[in-house]
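A look at the structure
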Amino acid sequence: MPQTSDVIIIGAGIAGTSVAAGLADQLSVTVLEMEDRPGYHSTGRSAAAWVPSYGPEVIRALTRASGDFLKRPPTEFNDLSFTTPRGEMVLGLPGEEEEIDAYRAIGMRDITGEEARERIPLLRTEAISSILVDETAVDIDVDALHQAYMRTLRKSGGHIICDAAAETISRQNGSWHVSTGKGEFAAPVIVNAAGAWGDEIAKRAGVRPVGLQPKRRSVAVVPMPLETSVDQWPLSINSREAFYFKPQSGKLLVSPADATPVDPHDAWADDMALAEAIDQFQRYVDVEVTRVEHTWGGLRTFAPDGDPVVGFDGAAEGFFWLTGQGGYGIQTAPALSRIAAGLIQGLKIPDDIAATGVSHGQLSPQRFR
Ligand SMILES: Cc1cc2nc3c(=O)[nH]c(=O)nc-3n(C[C@H](O)[C@H](O)[C@H](O)COP(=O)(O)OP(=O)(O)OC[C@H]3O[C@@H](n4cnc5c(N)ncnc54)[C@H](O)[C@@H]3O)c2cc1C
């Protein structure tokens, strides 16, 4: 006999655990995770930033709608803020005026080279034609956020079952049946929160894929010379997203901002792209990188139009999509999980999120049908 619940969620990354936490006080919820621990894939590999200027319009609205929760969570959810101040600086090179204007249009502020050097004393401002800032960007404690969602889920009686890859998925007598190495599970509603594997899960369930594309991104952590304190530096990104860097525990995280289309897999870093990124970094910051401490790669998964896919599939009863968060799935998780938990329970998008300009039609999988 299968173990039954009201909702099965596939994937224990930030997407699956956040929607699970939002549902578990009303419904019985089982989260199935193929790895031996939650957060092993994209959620555990992010740059841990909340950057309101980042991404397309829908993402920016979802990011704004998530900011208060991340900065000042309800005390019953977490005692402490999940964020610490960071700030963002956009570096425009000659020829990038169009991109810089787009950042200005969404409210980023120009600063002088001198003001930029107050923030990053080693910045080689002579090579940079425009510098914009947004002081509101913050770092996110991703692990604390993920843990808080899982704690909330468990407090309400929900379960996360690891080493439980959804192998076969079928609809029988009004329920989805999922077979795993840890037994069989059944529920009338299944949530596809499988990140890079989202289309794969759909195929297994006999549901038409939406065209998700995982893209690999590489990151290197480089130690800084003893006399160089980087802790107060802002996250700094080139206006064409050709590279970015941000402080991490006294060192610098440097990324080529690569977005190489790949199949879903356990990703690793592209060493060539990282070498180029470090070279670029040294062109704009007067530091010699002598050593790379460690590297990693992760997958950012996009729908064809770059916006998340959230909602019931029109052609498969009880099959709910929560995928396509791209490079923004942490900073948008509070808003996306509230939207998803509401839609699953037959509610509309919460008014405060709708007020930021997000509509169901922009997120629904039906836009690809
Ligand atoms: C280098 C990098 C930097 C990033 N920086 C940021 C950032 O600064 N800010 C931000 O907001 N976002 C950032 N992101 C994006 C963010 O990490 C993702 O959008 C987010 O983690 C996606 O969460 P998820 O839960 O959908 O995916 P995942 O965390 O990948 O979770 C999906 C889960 O589904 C499981 N799964 C798959 N198939 C099955 C199956 N058959 N059965 C059971 N389980 C299955 C997987 O094992 C996995 O645990 C970054 C991503 C990368 C790679």
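Read on for an overview of the structure. (Residues numbered from 1 in each chain as written. Predicted model: local features only at pLDDT ≥ 70, side-chain atom pairs only at ≥ 80, totals over all residues.)

Quick notes on the overall build of the protein chain
Convention followed: Helix and strand assignments come from DSSP, with helices taken as H or I runs of at least 4 residues and strands as E runs of at least 2, each series counted from the N terminus. Both definitions apply: the radius of gyration is a C-alpha atom measure, and the globule rule equals 2.2 Å times residues to the power 0.38. Any residue whose C-beta has 12 or fewer other C-beta atoms within 10 Å is treated as exposed, any with 20 or more as buried, and any in between as partly exposed, C-beta atoms being built from the backbone. What counts as a contact is two residues whose backbone-derived C-beta atoms lie within 7 Å of each other.
Scanning the protein chain for helices and strands turns up ten helices and 22 strands. Taken over the C-alpha trace, the protein chain has a radius of gyration of 21 Å; the compact-globule value for 369 residues is 21 Å, and the two agree within 12%. Projected onto its principal axes, the C-alpha positions of the protein chain cover 70 × 40 × 40 Å. Taken across its 369 residues, the protein chain has 50% of its residues classed as buried. Intrachain contacts of the protein chain at a sequence separation of at least 6 include 73% that bridge at least 24 residues.

Some thoughts on the packing of helix H1 (residues 14-23) against helix H8 (residues 333-344)
Put simply, the rule is: Orientation is described by axes fitted as lines to C-alpha atoms, over the contacting stretch for helices, and by angles from 0 to 180 degrees between their N-to-C directions. Any angle that is under 35 degrees is reported as roughly parallel, and any over 145 degrees as roughly antiparallel; angles of 65 to 115 degrees are reported as roughly perpendicular and all others as oblique. The hand of a helix crossing depends on one turn: near helix anticlockwise from the far one by less than a right angle means left-handed, and clockwise means right-handed. Residue type decides the class: Asp, Glu, Lys and Arg count as charged, Ala, Val, Leu, Ile, Met, Phe, Trp, Tyr, Cys and Pro as nonpolar, and the leftover types, Gly among them, as polar.
Close contact between H1 and H8 brings their axes to 8 Å; oriented N to C, the two are set at 55°. What the angle tells us is that H1 and H8 run oblique. Here H1 and H8 pass one another in a crossing that is right-handed. Between H1 and H8, the contacting residues are Ile14, Ala15, Ser18, Val19, Gly22 and Leu23 on the first element and Ala333, Ser337, Arg338, Ala340, Ala341 and Ile344 on the second. Here the contact of H1 with H8 is built from residues that sort into eight nonpolar, three polar and one charged.

Brief notes about H1
In terms of residue burial, H1 counts as a mostly covered element, since ten of its ten residues are buried. Listed as buried for H1 are Ile14, Ala15, Gly16, Thr17, Ser18, Val19, Ala20, Ala21, Gly22 and Leu23. Residues of H1 that are buried sit in contact with strand E2 (7-10), strand E3 (29-32), helix H5 (142-155), strand E14 (189-192), strand E22 (319-323) and H8.

Structural notes on the site of the ligand
Cut-off, in case you're wondering: Any residue whose C-beta atom, as placed from the backbone, lies within 6 Å of a molecule or strand is termed near it. Domain start and end points were adopted from an automatic or database domain assignment.
Inspection of the region around the ligand gives 39 residues, with Gly11, Gly13, Gly195, Gly298 and Gly329 positioned closest. When contributions to the shell around the ligand are tallied by element, the ones reaching two or more residues are H1, strand E15 (213-222) and strand E20 (294-302). Two domains each provide a minimum of three residues to the shell around the ligand, namely domain 1 (3-48 + 142-211 + 305-368) and domain 2 (88-135 + 213-302).

So, the sheet that holds E2
For the record, the criterion: When DSSP locates at least two bridges between a pair of strands, those strands are taken to pair.
Across the sheet, which stays open at both edges, the six strands sit in the order E10-E3-E2-E14-E22-E21 with mixed pairing between neighbours. The open sheet is flanked by strand E10 (159-161) and strand E21 (309-312), the only strands paired with a single partner. With direction set aside, neighbouring strand axes in the sheet form an average angle of 20°. Across four bridges, E2 lies against E3 in parallel orientation. In the strand pairing of E3, Ile9 is matched with Val31. Across the face of the sheet, H8 comes into contact with E2, E14, E21 and E22 while running at roughly 15° to E21.

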